[in-house]
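Here is how the chains run, residue by residue.
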Amino acid sequence: MSKIRFAQMRIVAKKEIMEFVRDWRTIVALILVPLMLFPLLFIAFPLVMQNEAEELQELNVEILVQSDYIDEDILQGLNQSNISISIVSLPPGLDSLSDPLNDSSLLRSYEYDAILRLEQRNETWFYSVLFLSTSEQSTEARNRVLDALNTWETNETIERIEAGGLDADSTLNPLRWDGIISDADVATKGEQAGMLLSLFIPFVLALWTASAAVQPAIDMTVGERERGTLESLLSLPLSRSELLMGKWLAVVTITGVGVALQVTGLLFGIAFLAEDLVNVPSISIASVLLLTLAVGLYGTMIVALYLALAMRSKSVKEAGTVLTPITLAMIVPILLTQFINLDDVESFWFAIPFVNVLLALRELLLDRVILEHVIIWISVSIFVSFLTIRYAAKQFSREDIVTSRS
Amino acid sequence: MNENLLHLTDVSKSFGDVHAIEHVSLNIQNKSVVGLVGGNGAGKTTLLRMMAGIYKPTKGRVHLKDGKNVDEMRSVLGVVPESTGLYSKLTAWENIRFHSRIHGIDDSIAWSRTLRFAELLDIQDSLHRYTEGFSRGMRQKTALLRALAHGPSILLLDEPTAGLDVTSARIVRKLVQKLKDEGGTVIYSTHHLAEAEQVCDRIIIVHNGTIRADGTPEELLQLTDTNSLEEAYVSLTSEVARPRQEDTITPSKFALLWRRLFTRSHRYEVNEDE
């Protein structure tokens, strides 16, 4: 790569950003959607879930009880749960109570939401609940029946223990936790939040970065060639490296703003709308700085790779065809890192490009700054960033980039 | 006194196996308008792109009077490509300013130069409009202003009047004439002989990647012993013109095989009686 003058690079980046931002659709995609996405999710999600739960509770379900004899207390329990009951005898020829026989048609036709089969054999009651797992109403009916049966079972157990002259409470719970379980966790709320967020922040950060860079990378390379603006640009006193770095800076800025806004929206959502569910993680300044560096290096690699591949492409369509599966393929390292146990993670994981940055994000969100890991992932990522930029520079140096190849 | 500004010394350019330009040697003098005349695929654009430093010659050298290679001294050039290359979401002035800033020219200097030429081109009222809705003529005029804003020594124009209406083409030719009168140097690519005769004081006939003739219109007539430039051109370029070279992209073997899998060959029976 030839010498790079920052002033030239800045002029190119400024022009690219100005052009990109002047498209109102870009502003909506870049600012409004990222900023509003999580707050909206945090507001809409609980509302929808609460409404759905209320609707389900108010729902009257139809149960067919098949039994030759039913305990009065069981019936009473079922009647208290918004359940309409029809009672018939057990069908003949059952191998077990769970064998649906011909009764599945009663569930599939939605005549009944669930079928409770009960049979007393000596001192023990045997039961099964036939239901249709693909129907939410049927699942709800099954849950209500199971709840009623559990309540009955608990009462029956206590009665039998007491009839035997024992203390039901100490017999059923000979071992019990003393105090409040969460009080025994020495991790602070902030650390717990960090743990929770470390499971999905790397996922969303990596995916956002990868997906947000696609469109500007295509637009500023092969898009420019298709629009016929590249030739005049290449005739300017501007080296190909300056051109690449200017475009790289523009894509990184656009992607960075998009990702930063999404993180802002997410943290705002956590802090103000979902404070009961998740706390804001407490992490040190060093971790914050390293987190920023990790995201920066990840962005550097991704953007340089995208610019190179887009410049290699013959058309905008081809660039989209190449970059979309790469973005989706990013899910593989992202998911892989979710299953790696950070307590005894081997150092070699931090030498695998892309995976290392994602693992580093997880560690840093847990406020773990392990020097050996940090040195490995920074060195490897800088090396890979250098390679991707070199590759991009090679693509930008090709003479045929000026020729419209679409 | 005229001096040589730009030299092409035994320049050849190949794209893979295709020889787009072969053994071209030229000297471009200052205070002249030089016309590169040739048909489609003759090699005019490749030659201009080498002069602009966009393409590097496969053989030979393109250099300026001080011996420096042209790609190291692009600030002395003003280039108007055939596609004009304007950014549609920027205004005309922003397009011009972007280029002049890359050339290291102060905005106020670029603005005063732009205003001067904008009046000549009758486009001064549109400088702050987005180029998105510009006509072909307006785009061409803006591209010319952009190429002139940094005060280049040599102006390279690739088909500057292609697709323009009569009035716009005339305005462009008048500007070229004015630049020449002011001592400027213009290299003007066109396939219109009449236009070249009108504007240029030297015409270079390019055909199939080689230079067939180089001289004033009178010299070309003398050389070919003809009465008109059109006849002279025909006699110099008698063999069949090749297709455009640099745009010919050969797909990979796999791509070709894949394409064939989804290509049905249609054969229709022709009824002779009909």
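(A) Spotlight on the overall build of chain B. What chain B contains, in helices and strands, is 9 helices and 9 strands. Principal-axis analysis of the C-alpha atoms places the extent of chain B at approximately 70 × 50 × 40 Å. Counting over 274 residues, chain B shows a buried share of 51%. Counting only contacts in chain B whose residues sit at least 6 apart along the sequence, the fraction spanning at least 24 positions is 68%. Surface exposure of chain B reaches about 13700 Å², of which carbon and sulfur atoms provide 48%. Taken together, the 34 basic and 36 acidic charged side chains of chain B have centroids lying 7 Å from each other.

(B) Fine view of the sheet that holds strand S1 (residues 61–67) of chain A. All names here are of chain A. Taken in spatial order, the 4 strands make up an open sheet running S2-S1-S3-S4, and their pairing is mixed. A strand with exactly one partner marks an edge of an open sheet, and here the two such strands are strand S2 (83–88) and strand S4 (124–131). Recorded for the sheet is a direction-independent mean angle of 20° between the axes of neighbouring strands. In the sheet, strand S3 (residues 114–121) pairs with S4 via 8 bridges, with the strands oriented antiparallel. Directly across from Arg117, in S4, lies its bridge partner Ser128. Along the sheet, helix H3 (residues 72–79) contacts S1, S2 and S3; its crossing angle with S2, the most-contacted strand, is approximately 145°. Most of the contacts of helix H5 (residues 136–163) go to S4, to which it runs at about 165°, and overall it touches S1, S2, S3 and S4.

(C) Structural view of the interface of chain A and chain B. Residue-level contacts link 26 residues of chain A with 31 residues of chain B. With both chains or domains summed, chain A and chain B bury close to 2700 Å², and 60% of this area falls on carbon and sulfur atoms. Looking only at chain A, the three residues that lose the most surface to chain B are Arg22, Glu231 and Glu399 of chain A, adding up to 22% of its buried area. On the surface where chain A and chain B come into contact, there are 3 salt bridges. Of the charged contacts in the structure, one is a salt bridge between Lys13 of chain B and Glu399 of chain A, with a shortest N-O distance of 2.3 Å. One can count 14 residue pairs in polar contact (both at pLDDT 80 or more) joining chain A with chain B.

(D) Structural context of unusual backbone geometry. Positioned with a positive phi, Asn122 of chain A is a non-glycine residue whose angle comes to about 55°. Here Asn122 of chain A is to be found in the loop between S3 and S4. Given a relative accessible area of 73%, Asn122 of chain A falls into the exposed group. Backbone geometry at Glu159 of chain B places phi at a positive 45°, although glycine is not the residue there.

(E) A look at a negative patch on the surface. Residue and element names in this part refer to chain A. Together, Glu52, Glu54, Glu55, Glu58 and Glu136 make up a negatively charged patch on the protein surface. Sort the elements by how many residues they give to the negative patch and helix H2 (residues 24–58) lands first, with 4 residues. A relative accessible area of 38% means that Glu54 is categorised as partly exposed.

(F) Here's a closer look at the nonpolar core. Formed by 115 residues in total, the largest nonpolar core has its most connected members in Trp377 of chain A together with Leu6, Leu8, Leu47, Met51, Leu156 and Ile187 of chain B. Among the elements that line this core, the one with the most residues is helix H11 (residues 285–312) of chain A, at 16 residues. Setting aside residues no more than four positions away along its own chain, Leu156 of chain B makes contact with Leu48, Met51, Ala52, Leu77, Gly78, Val79, Val80 and Ile187 of chain B. Counting 42 residues, the second largest nonpolar core, distinct from the first, contains Ala149, Val176, Leu179 and Leu236 of chain B.

(G) Highlighting the sheet that holds strand S6 (residues 154–158) of chain B. Residues and elements named next belong to chain B. The mixed open sheet is built from 6 strands, whose spatial order is S5-S6-S7-S3-S8-S9. At either margin of the open sheet sits one strand with a lone partner, and together these are strand S5 (77–80) and strand S9 (210–215). Across this sheet, the average inter-strand angle for adjacent strands is 15°, counted without regard to direction. Pairing between S6 and strand S7 (residues 185–190): 5 bridges, direction parallel. The partner of Leu156 across the bridge, within S7, is Ile187.

(H) Representation of a nonpolar patch on the surface in the model. On the surface, a nonpolar cluster with roughly 400 Å² of combined accessible area is contributed by Ile31, Leu32, Leu35, Met36 and Leu40 of chain A. Along the chain, the position of Leu40 of chain A falls in helix H2.

(I) Molecular detail of the pairing of S9 of chain B. Across 5 bridges, strand S8 (residues 202–207) of chain B lies against S9 of chain B in antiparallel orientation. Paired with His207 of chain B across the two strands is Thr210 of chain B, which belongs to S9 of chain B.

Cut-offs used in this document
Residues numbered from 1 in each chain as written. Chains lettered and ligands numbered in written order. Predicted model: local features only at pLDDT ≥ 70, side-chain atom pairs only at ≥ 80, totals over all residues. Heavy atoms only, no water. Helix = DSSP H or I, 4+ residues; strand = E, 2+ residues; numbered from the N terminus. Buried < 20%, exposed > 50% of the residue type's maximum accessible area, 1.4 Å probe, protein only. Contact = heavy atoms within 4.5 Å. Areas by Shrake-Rupley, 256 points an atom, 1.4 Å probe, with all protein chains shown as cover. Lys, Arg positive; Asp, Glu negative; His and termini not counted. Charge placed at Lys NZ, Arg CZ, Asp CG, Glu CD. Pairing = 2+ DSSP bridges. Axes fitted to C-alpha atoms, helices over the stretch in contact; angles between N-to-C directions. Buried area = accessible area lost by both parts, 1.4 Å probe. Salt bridge = Lys/Arg side-chain N within 4 Å of Asp/Glu carboxyl O. Polar contact = N/O pair within 3.5 Å; in protein donor to acceptor, adjacent residues only side chain to side chain. Patch = residues over 30% accessible without salt bridge, like charges linked within 9 Å, V, L, I, M, F, W, Y side chains within 5 Å. Core = buried A, V, L, I, M, F, W, Y, C linked by side-chain atoms within 4.5 Å.

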